[in-house]
Amino acid sequence: MSDTPLQVTQPDSTPAPPSVVEVLTEVAKNAVLKIQDYAELCGRSLSNLFSKPRYHQDTLDQMDDIGVGSLPIVLLSGFFIGAVMVLQTGSQFQRFGQVSLTGDIVSLALVRELGPTITGLLVAGRCASGIASELGSMQVTEQVDAMRAMGTDPSRKLISPRVLAALITVPLLTTISVFIGLVGGMVASVFSLRLSATTFWQRAIAILEFSDLMQGFTKSLVFAFILSTVGCYQGLNVRGGTQGVGRATTQAVVVSSVLIIVADTFLTKLALYLADKL
């Protein structure tokens, strides 16, 4: 009889791979959780504006960073956007002998759509990424935890000043962008279409109504809120060290830009609906 011990077969302990339903359920849960956290951050950032303490110096510093820092790219982009609009629309109006309508189209397009949207995207690309990287670095180096340990609310100290600064400066940047865009359109119309500057400005101003100005102003406020809160959310939810900071910076720009475009669609539809009703 052999002395070889009997080999006992152990049951396979490898866990079964998750099913498609389980994976989709987990993804949906994470998405809902992120939306909930983002909504809570937005609510707290606004509620902090109506109670003390307020950090005025931090707000002024952020206004300088967001507003003054973004001014050169807004001026440069606005001028050439207005010029391109004139060159594109004027060539079509020349076929029908209605070159004077160029000022009308350019003015409406800049005030309603191009001014707020382009400004929002430019500021999002510059400032949302900056906010995310700054707050992400503070999160990685545990400065946010130290702030909580000292009794300071990070939401009131870090988020609310940035949101308030964006709400103040982005509408101003949009106004400047629209004006510079009209200047660029006027220059292009004078040298390319041989249209007098007086005619261009008269048509551009006469076509505008109060509803057009409010539409552009409302969009700029919404876009400012989106880019500031998305940047803060991505920065405060950094995980994984310096690599996480880089990912958060990229996600802040992508998410804020997409949300701005999506919000622009719904705001335009709402504005047109209200214009018909009122």
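What you are looking at is a predicted structure, and each value in this text was computed from that prediction instead of being measured.

Describing the overall build of the protein
For step 1, the next point in the chain: Per the secondary structure count, the protein includes eight helices and zero strands.
For step 2, the next point in the chain: In sequence order, the protein lays out its α and β elements as α-α-α-α-α-α-α-α.
For step 3, the next point in the chain: Expected size for 278 residues packed as a compact globule is a radius of gyration near 19 Å; at 26 Å, the protein overshoots this value by more than 25%.
For step 4, the next point in the chain: On the principal axes, the C-alpha backbone points of the protein span a range of 110 × 50 × 40 Å.
For step 5, the next point in the chain: By the burial criterion, 39% of the 278 residues in the protein qualify as buried.
For step 6, the next point in the chain: Here the contacts in the protein between residues at least 6 apart in sequence split such that 84% fall between residues at least 24 apart.
For step 7, the next point in the chain: In the protein, the 19 positive side-chain charges and the 20 negative ones have mean positions that sit 9 Å from each other.

Focus: the confidence of the model for the protein
For step 1, the next point in the chain: Looking at the protein, the pLDDT average stands at 87 and 95% of residues meet or exceed 70.
For step 2, the next point in the chain: Between the elements of the protein, mean pLDDT differs from a low of 85, seen in helix H4 (residues 143-149), to a high of 92, seen in helix H5 (residues 154-192).

A word on the packing of aromatic side chains
For step 1, the next point in the chain: Per the stated rule, a full pass over the model turns up four aromatic pairs.
For step 2, the next point in the chain: Considering the side-chain rings of Phe79 and Phe80, the 5.3 Å spacing of their centres and the 85° angle between planes classify their relative orientation as edge-to-face.
For step 3, the next point in the chain: Geometrically, the ring pair formed by Phe200 and Trp201 is edge-to-face, given 6.0 Å between the ring centres and 85° between the ring planes.
For step 4, the next point in the chain: A relative accessible area of 0% means that Phe200 is categorised as buried.

Regarding the nonpolar core
For step 1, the next point in the chain: Counting residues in hydrophobic clusters, the biggest one holds 32 residues, and the most contacted among them are Val123, Leu135, Leu158 and Leu236.
For step 2, the next point in the chain: Of all elements in the fold, only helix H1 (20-47), helix H2 (56-96), helix H3 (102-140), H4, H5, helix H7 (210-236) and helix H8 (241-277) reach the threshold of two or more residues within this core.
For step 3, the next point in the chain: Ranked by residue count, the leading element in this core is H7, at nine residues.
For step 4, the next point in the chain: If sequence neighbours within four positions are ignored, Leu236 has contacts with Leu41, Leu135, Gln139, Val144, Leu158 and Ile159.
For step 5, the next point in the chain: Grouped together as the second largest cluster of nonpolar side chains are 16 residues, Val99, Ala109, Leu182 and Ala204 included.

The rules behind these values
Residues numbered from 1 in each chain as written. Predicted model: local features only at pLDDT ≥ 70, side-chain atom pairs only at ≥ 80, totals over all residues. Heavy atoms only, no water. Helix = DSSP H or I, 4+ residues; strand = E, 2+ residues; numbered from the N terminus. Rg over C-alpha atoms; globule rule 2.2 N^0.38 Å. Buried < 20%, exposed > 50% of the residue type's maximum accessible area, 1.4 Å probe, protein only. Contact = heavy atoms within 4.5 Å. Lys, Arg positive; Asp, Glu negative; His and termini not counted. Charge placed at Lys NZ, Arg CZ, Asp CG, Glu CD. pLDDT = per-residue confidence, 0-100. Phe/Tyr/Trp six-rings, centres within 6.5 Å; stacked < 30°, edge-to-face > 60°. Core = buried A, V, L, I, M, F, W, Y, C linked by side-chain atoms within 4.5 Å.

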